[in-house]
Structure formats: C-alpha cells, structure tokens
Amino acid sequence: MAETRYQKRMKVRRMSDIERLAREYSKNVQAMTGQYEQSYAAYQKDVAAKMAPYEAEVARYQSELMPAYESQKAAYKSKLDQYNATLEAIAKDPVIERTGTKTNYYYVTDPMSPFYGGYFPYTESYTYYEKKPIPKFTEVAPTAPTAPVRPEVQPFDTSKFAASKAQAESTFKREVGERKAARLGAVGRRITRPMLQES
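Summarised in this report is the structure supplied together with it. (Residues numbered from 1 in each chain as written. Predicted model: local features only at pLDDT ≥ 70, side-chain atom pairs only at ≥ 80, totals over all residues. Heavy atoms only, no water.)

1. Some points on the overall build of the chain
Across its full length, the chain carries 2 helices and 2 strands. Residues classed as buried in the chain amount to 15% of the 199 residues present. For the chain, contacts bridging at least 24 residues in sequence account for 76% of all contacts bridging at least 6. Accessible surface computed for the chain: about 15700 Å², of which carbon and sulfur atoms make up 55%. (Helix = DSSP H or I, 4+ residues; strand = E, 2+ residues; numbered from the N terminus. Buried < 20%, exposed > 50% of the residue type's maximum accessible area, 1.4 Å probe, protein only. Contact = heavy atoms within 4.5 Å. Areas by Shrake-Rupley, 256 points an atom, 1.4 Å probe, with all protein chains shown as cover.)

Rendered as structure tokens:
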C-alpha cells in the first residue's frame, strides 16, 4: 500500500526532528571535547611545572653528583687497598730488628793497671726487636648522594568528562526513542481511523 501524504509528512518531520537531535548531540560532544582538551592541556602544564625542578635535580644528580661520588669512591678504595696491603706485609714480618749499645763494667784484676781493684766501664752492642706499629686507617668512606624524589603526580581525572558524555549519549538515545515511538503511535492512530486519512 502506497504511503499517504500524511505518512510522508510525518516521516519527513520525524527525520527532521531526529536530525536536529543528532546535531545538538554532536554539538554537545564537540563542546565537551573542547573542554576536555582545555582541561588536559592545563593538567599537562601543571605537571610540567611540578616536574621541572625534579628533572633539573635528576640532571645535576647524573651529571655532577654521581660522577663526583664515583671518583671519591674509587680514591677511597685505592687507599683502603693500600692499607690492607700494608697490614698483610706487617703480618708476614711483624718485627723490626734494632741494634743498641749498653755500658758494662768489669773488675780490674791486673795489678799493673791503674784501675786495679776497681771497675772499668766498656760499651757493648746488642740486637733487639720491636713490633712494627699498626697504622690507623683514617680515611672516611664517601657518602652517596641522595637521589631526587619524583614528585607525586595524580593521573588526569577523566571521570567527569566520561560521565557527561555518557549522560549526553543516554539523553540523545532516549529522546530519539521517544520521538520514534510517538511518531509510530501517531501513524498507527491515523491508520485505525480511516476517516482522518488524507487521500
């Protein structure tokens, strides 16, 4: 059965109404997208400002502090190795041989000596041993520099934008559905009332 003029008008009106809703929905989505992009750009700017001091500290930590520490650590290890080598050498040969002199006296028994009946001093050499002194290690181990602490950055909150978009989509679908149902109901009533149909 061919469509009546009323049905054609209703169909055009219905499509026009739905197209209007679609345009409004698209406009709303574009507006929300713009707001989202502006908010995200502001978020990125805030994050960059917060991260800038940290990134500067990381650059200094990597280019200055750590190389200086590694150099100090290498120098400390070299001195510690030398100290340990000294201790090993002392352990293998722990004493020092020394030579000293002492004065002794002997009783003169030669009656021809002017010292007869007395004591005459004389010097005598002798050998003795001393323990080698244990040196003290006075070097202080270098302290590693403190690594920069990354600031806490909260993730970008997309929940309100997602909720707004979901609500707009839900409203669009509901309104389209309501209009389709209303048009179908109106067409149905016209069909069941032939006197109102237009030829």
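That covers the picture; the talk isn't over yet.
2. Topic: the packing of aromatic side chains
Aromatic ring pairs: the centre-centre distance and the angle between the two ring planes describe each pair. Considering all chains together, one arrives at 13 aromatic pairs under this definition. On the basis of an interplanar angle of 85 degrees and a centroid distance of 5.3 Å, the ring pair of Tyr36 and Phe161 is categorised as edge-to-face. You can see Tyr36 sitting in helix 1 (residues 5-92) and its partner Phe161 sitting in helix 2 (residues 159-192), a full 125 residues away along the chain. Residue Phe161 is classed as buried on the basis of its relative accessible area of 13%. An aromatic cluster of three or more residues is present, and its members are Tyr36, Tyr40, Tyr43, Phe156 and Phe161. Across from the ring centre of Tyr126, 5.7 Å away, lies the NZ or CZ of Lys102, which sits over that ring. (Phe/Tyr/Trp six-rings, centres within 6.5 Å; stacked < 30°, edge-to-face > 60°. Lys NZ or Arg CZ within 6 Å of the ring centre and 35° of its normal.)

3. Overview of the pattern of salt bridges
Inspection of the entire model under this criterion finds 8 salt bridges. The closest approach of N and O atoms between Glu70 and Lys73, which form a salt bridge, is 3.5 Å. Of the two residues, Glu70 and Lys73 are both situated in helix 1; the distance of 3 residues between them amounts to about one turn of the helix. The exposure class assigned to Lys73 is partly exposed, which follows from its relative accessible area of 36%. Between Lys173 and Glu169 there is a salt bridge, with its nearest N and O atoms 3.2 Å apart. You can see Lys173 and its partner Glu169 sitting in helix 2, 4 residues apart, about one turn around the helix. A relative accessible area of 56% places Lys173 in the exposed class. Note on Glu169: relative accessible area 31%, which makes it partly exposed. (Salt bridge = Lys/Arg side-chain N within 4 Å of Asp/Glu carboxyl O.)

4. Thoughts on a nonpolar patch on the surface
A cluster of nonpolar residues, Tyr105, Tyr107 and Tyr119, forms a patch on the protein surface that exposes about 420 Å² of accessible area. As for its placement among the helices and strands, Tyr107 is situated in strand 1 (residues 95-107). (Patch = residues over 30% accessible without salt bridge, like charges linked within 9 Å, V, L, I, M, F, W, Y side chains within 5 Å.)

5. Remarks on the environment of Thr101
Topologically, Thr101 is positioned in strand 1. You can call Thr101 exposed: its relative accessible area is 54%. Sequence-wise, Thr101 and Tyr126 are 25 residues apart; in three dimensions their C-alpha atoms are separated by 5.9 Å. Ignoring sequence-local partners within four residues, the contact set of Thr101 consists of Thr123, Glu124, Ser125 and Tyr126.

6. A few points about the environment of Gly118
Residue placement: Gly118 occurs in the loop between strand 1 and strand 2 (119-131). In the structure, Gly118 is positioned 13 residues away from Tyr105 in sequence and 9.4 Å away in space, judged by C-alpha atoms. If we ignore the near neighbours within four places in the chain, the residues touching Gly118 are Tyr106, Tyr107 and Val108.

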